[in-house]
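Examination of the molecular architecture
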Amino acid sequence: MNNKEIENKVSKAFSARTPDVLDSVLSHCEEQKGSAITMTKKSNKTIWIRTLAATAAMLLLVFGGIFGWQQYSANAVAGTVSLDVNPSIEIDINGKEKVLEVKALNDDGKIVVGDMSLRGTSLDVAVNALIGSMLKNGYLDSDTNSVLISVDAKSQGKSAEIQEKLTTEVSKILESDSINGAVITQAVRNKNKQLQQQAQENNISCGKANFINEIIANDPYYTFEELAKLSVHELNLLMKNAEISSENIINSGTPSESRYIGKEKAEDIAVKHVFSLISAVSINKAERIKTEFDFGDGKAIYEVEFYIGSIEYDVDVDAISGNIIKVEKDYDGNGRPDAAVTPDTPADPATRPETPDIPDFNPDLPEGVKPIGHEKALDAALARINASLDGITLIKNEFEYDDGKWQYEIEFICGHWEYEVTVDGNDGKIIEFDREIADGDGKGNQGNHSGQGNQYGKPDDIGNGNDQAVITKEEAIRLAFDKAGLAYSDTAFDKHLTDVTFDCENGKCLYEVEFEADGYEYSVEINAKTGTVIDFEKERDD
């Protein structure tokens, strides 16, 4: 409130307290017209007292207004500063950078604030106390050295001033604890409803929510939900390795990577692991290796890509433990596996490259869960179709948690078929088994199988010689039994099978397999060319 506004308020106050008696005075004067009025001289002391009282009242109003304005200014929020590490804390300040309130936004923030009462302290003192508490409680150290400071002030100039001052202050605090800090600062200029909602739903500050949105604006591959789970240090590493930059974000220092195994070791682990799976004894070199640091499902990983021959392999390696998380393989242009990955001569088990001495499962598994390992799982899958390792092309062998179980998801090609097999991670039992005609021209490695029937050529027993069929009658029965969850064997034929028919209509050939088991009747229609189950019916046997 300026002087002019104060004067106006005082003037109005006096006007309101002065009675409007003009008409009464004029009427009285008319009545006394022509008469003599005796004047009595009043004491100067009485006049002085009245004048002093009026002046005091006016001064009381003036100083009361000034005091009220000062009280309002001292308690009005002029800006908000947030500190984020994993703890998220917001500090409301007044125009003189005095602390009005400190708010812990998540459980880690509550631990940091503790029972500290920081109201009335200067901003730099409050920040010093909070960073000190983060150090004491282990949220900041030489391995996790990133702090995000976000400023929401009335003007851009004021925000920049506070950012610079706090960057210097926080860096000094970390240096005093022998930590090379990585301090990130930003101005929050658009604190809209969406930003506030994102922050509230994820128990983070609007500053961290703004920081995440800046990353997504530069790389839409990420989602807000997955990035909100990461600490500021992890977000800072992601920005550094993805070479993301923003005009609104100022980075001071370098985020530490000391707790991670490093790109070179990750590459070595990934390449050795793939060689152990494909048994490529005649190929001893991986080419065009590219490695990126990233986060998946809240976990730090190295994504390693490389070629063996002309086949590309994508391997995810846990950035802390070195465990293999995922292995994927891409084909060449026509959708078939490239022959370059097939050894020139079948690999004898005795000559297979020794499996590297690295763990192949997540060390954070519940107690009692002891996975059988990728190789034993693959052996179980191959035993299901009576195949050997040198007769297949492996696509995927992943260990994961699904449907309440730890299991191996295995995909491979053998002959005309692409198989998908799910193996129990603890006992090696087959949980799911599926196959379909492999993409391409139908030619492929014939494999080393001893199963029943003419499994990899066209059928020779379908009765009408229709060349649209690919699978045999025995294979159709096997697929039907698999769909019903029954074991396939000669005994099963005699015990359960009731009828198998083959028919072609409008260029489409089908097998219809009928059988009985456990009080139910089954009828399964199967595409004779692709092996796809078209119709499956199950009803109780009356």
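How each quantity is defined
- Residues numbered from 1 in each chain as written.
- Predicted model: local features only at pLDDT ≥ 70, side-chain atom pairs only at ≥ 80, totals over all residues.
- Heavy atoms only, no water.
- Buried < 20%, exposed > 50% of the residue type's maximum accessible area, 1.4 Å probe, protein only.
- Helix = DSSP H or I, 4+ residues; strand = E, 2+ residues; numbered from the N terminus.
- Arc of directions from axis to C-beta.
- Contact = heavy atoms within 4.5 Å.
- Polar contact = N/O pair within 3.5 Å; in protein donor to acceptor, adjacent residues only side chain to side chain.
- Pairing = 2+ DSSP bridges.
- Axes fitted to C-alpha atoms, helices over the stretch in contact; angles between N-to-C directions.
- Right-handed = clockwise from strand over helix to strand, strands pointing away.
- Core = buried A, V, L, I, M, F, W, Y, C linked by side-chain atoms within 4.5 Å.

1. Details of helix H7 (residues 193-202)
Of the residues making up H7, those classed as buried are Leu195, Gln198 and Ala199. All buried residues of H7 lie within an arc of 95° about the axis, which places them on one face of the element. Summarising the geometry of H7, the exposed residues directed more than 90 degrees from the buried face are Lys193, Gln194, Gln200 and Glu201. Check the buried side of H7 and you find it contacts helix H8 (206-218) and helix H9 (224-228). One side-chain oxygen of the residue at the start of H7 lies 3.3 Å from the amide nitrogen of glutamine 194, identifying that residue as asparagine 192.

2. Brief notes about the sheet that holds strand S3 (residues 99-104)
Adjacent strands of a sheet form backbone hydrogen bonds with each other and so pair up, either parallel or antiparallel. Here we have six strands laid out as an open sheet, ordered S3-S2-S1-S4-S5-S6, and mixed in their pairing. Two strands bound the open sheet, and with one partner strand each, they are S3 and strand S6 (249-252). In this sheet, neighbouring strand axes are inclined to one another by 15° on average, regardless of whether the strands run parallel or antiparallel. Along the sheet face, H8 touches strand S1 (79-84), strand S2 (88-93), strand S4 (146-153), strand S5 (182-187) and S6 and points at about 95° away from the line of S5. Where helix H10 (residues 232-242) meets the sheet, its contacts fall on S1, S4, S5 and S6, and the angle it forms with S4 comes to roughly 95°.

3. Overview of the pairing of S4
Burial runs high along S4: seven of the eight residues are buried. Of the strand pairs in this sheet, S1 and S4 are connected by six bridges, and their pairing is antiparallel. The residue bridging valine 81 from the neighbouring strand is valine 151, located in S4. Summarising the sheet, S4 and S5 pair through six bridges and their orientation is parallel. Residue pairing for S5: valine 147 is matched across the bridge by valine 183. With helix H6 (residues 156-176) bridging S4 and its parallel neighbour S5, the resulting β-α-β unit is right-handed.

4. Side note on the nonpolar core
Judged by nonpolar contacts, the single largest core of 46 residues is most densely connected at Leu227 and Phe306. Counting 39 residues, the second-largest nonpolar core is a separate cluster that includes Trp417, Val423, Leu479 and Phe515.

Everything listed here is a matter of geometry and, on its own, says nothing about what the molecule does.
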